[in-house]
Amino acid sequence: MERFYKMVEASNKRFPNGVEPFQMATRLLEECGEVAAEINHWQGSGLKRQKRGEPSKEALANELRQSIVELFKIAVYYSVEKELEDSINQSIQRSKDEGLID
Ligand SMILES: [Mg+2]
């Protein structure tokens, strides 16, 4: 989690004019669209593979990271870091209680 917050801090310093909610929401959707494009490439549908060759794990991971950072930017903007951590902990505990994970 901390590394994602560091990436948010760096990004907000690098691009200080893009931190309004609608800009963050737009970038999140843009990055999710790029994840979808990578999935399309991996699944070999459309012309992606003909145009771009074999899919790359690094390219998919890069788009996933960019999407996650955009989500974390929203968490930072609304100061819900603690609530996000609590939500994750509750979800993990619920899954443990249900015997789904150790
Ligand atoms: Mg991207």
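Look above for the structure.
Everything numeric here is computed off the predicted structure, so don't read it as measured data.

1. Focus on the overall build of the protein
Broken down by element type, the protein carries five helices and zero strands. In terms of overall dimensions, the protein has C-alpha extents of about 45 × 45 × 20 Å along its principal axes. Considering the protein as a whole, with its 102 residues, one finds that 19% of them fall into the buried category. Sequence-distant contacts in the protein: of pairs separated by 6 or more residues, those separated by 24 or more amount to 59%. Here the protein has roughly 7500 Å² of accessible surface; of this, 56% comes from carbon and sulfur atoms. Computing the positive centroid from 15 side-chain charges and the negative centroid from 18, the protein places the two 5 Å apart.

2. Brief notes about the coordination of the magnesium ion
Within the first shell, the magnesium ion binds the protein through Glu 31 (OE), Glu 34 (OE), Glu 63 (OE) and Gln 66 (OE1), at distances of 1.9 to 2.1 Å. Every donor residue of the magnesium ion comes from the same chain, spaced as E-x2-E-x28-E-x2-Q. With Glu 63 and Gln 66 both in helix H4 (residues 57–77) and three residues apart, this pair spans about one turn of that helix. Residue classification places Glu 63 among the buried positions, given a relative accessible area of 14%.

3. A look at the packing of helix H1 (residues 2–14) against H4
One way to put it is that H1 packs onto H4 with a least axis distance of 9 Å and a crossing angle of 80°. On the basis of the axis angle, H1 is roughly perpendicular to H4. Taking contact as the criterion, the partners of Phe 4, Tyr 5, Met 7, Val 8, Ser 11 and Asn 12 in H1 are, on H4, Arg 65, Ile 68, Val 69, Phe 72, Lys 73 and Val 76. Of the residues that constitute the contact of H1 with H4, the class distribution is eight nonpolar, two polar and two charged.

4. Topic: a nonpolar patch on the surface
On the surface, a nonpolar cluster with roughly 410 Å² of combined accessible area is contributed by Met 1, Ile 88, Ile 92, Leu 100 and Ile 101. Tracing the chain through its elements places Ile 92 in helix H5 (residues 81–97).

5. Describing the side chain of Glu 70
Relative to the helices and strands, Glu 70 resides in helix H4. Given a relative accessible area of 6%, Glu 70 falls into the buried group. Reaching out from Glu 70, the side chain makes a polar contact with the side chain of Lys 73 at a distance of 3.2 Å. For Glu 70, the residues in contact, after removing those within four places along its chain, are Met 24, Arg 27, Leu 28 and Glu 31.

Analysis parameters
- Residues numbered from 1 in each chain as written.
- Predicted model: local features only at pLDDT ≥ 70, side-chain atom pairs only at ≥ 80, totals over all residues.
- Heavy atoms only, no water.
- Helix = DSSP H or I, 4+ residues; strand = E, 2+ residues; numbered from the N terminus.
- Buried < 20%, exposed > 50% of the residue type's maximum accessible area, 1.4 Å probe, protein only.
- Contact = heavy atoms within 4.5 Å.
- Areas by Shrake-Rupley, 256 points an atom, 1.4 Å probe, with all protein chains shown as cover.
- Lys, Arg positive; Asp, Glu negative; His and termini not counted.
- Charge placed at Lys NZ, Arg CZ, Asp CG, Glu CD.
- Donors = N, O, S within 2.8 Å, 3.2 Å for Na, K, Ca; no water.
- Axes fitted to C-alpha atoms, helices over the stretch in contact; angles between N-to-C directions.
- Parallel < 35°, antiparallel > 145°, perpendicular 65-115°, else oblique.
- Nonpolar A, V, L, I, M, F, W, Y, C, P; charged D, E, K, R; others polar.
- Patch = residues over 30% accessible without salt bridge, like charges linked within 9 Å, V, L, I, M, F, W, Y side chains within 5 Å.
- Salt bridge = Lys/Arg side-chain N within 4 Å of Asp/Glu carboxyl O.
- Polar contact = N/O pair within 3.5 Å; in protein donor to acceptor, adjacent residues only side chain to side chain.

Interpretation in functional terms is not warranted from these geometric data alone.
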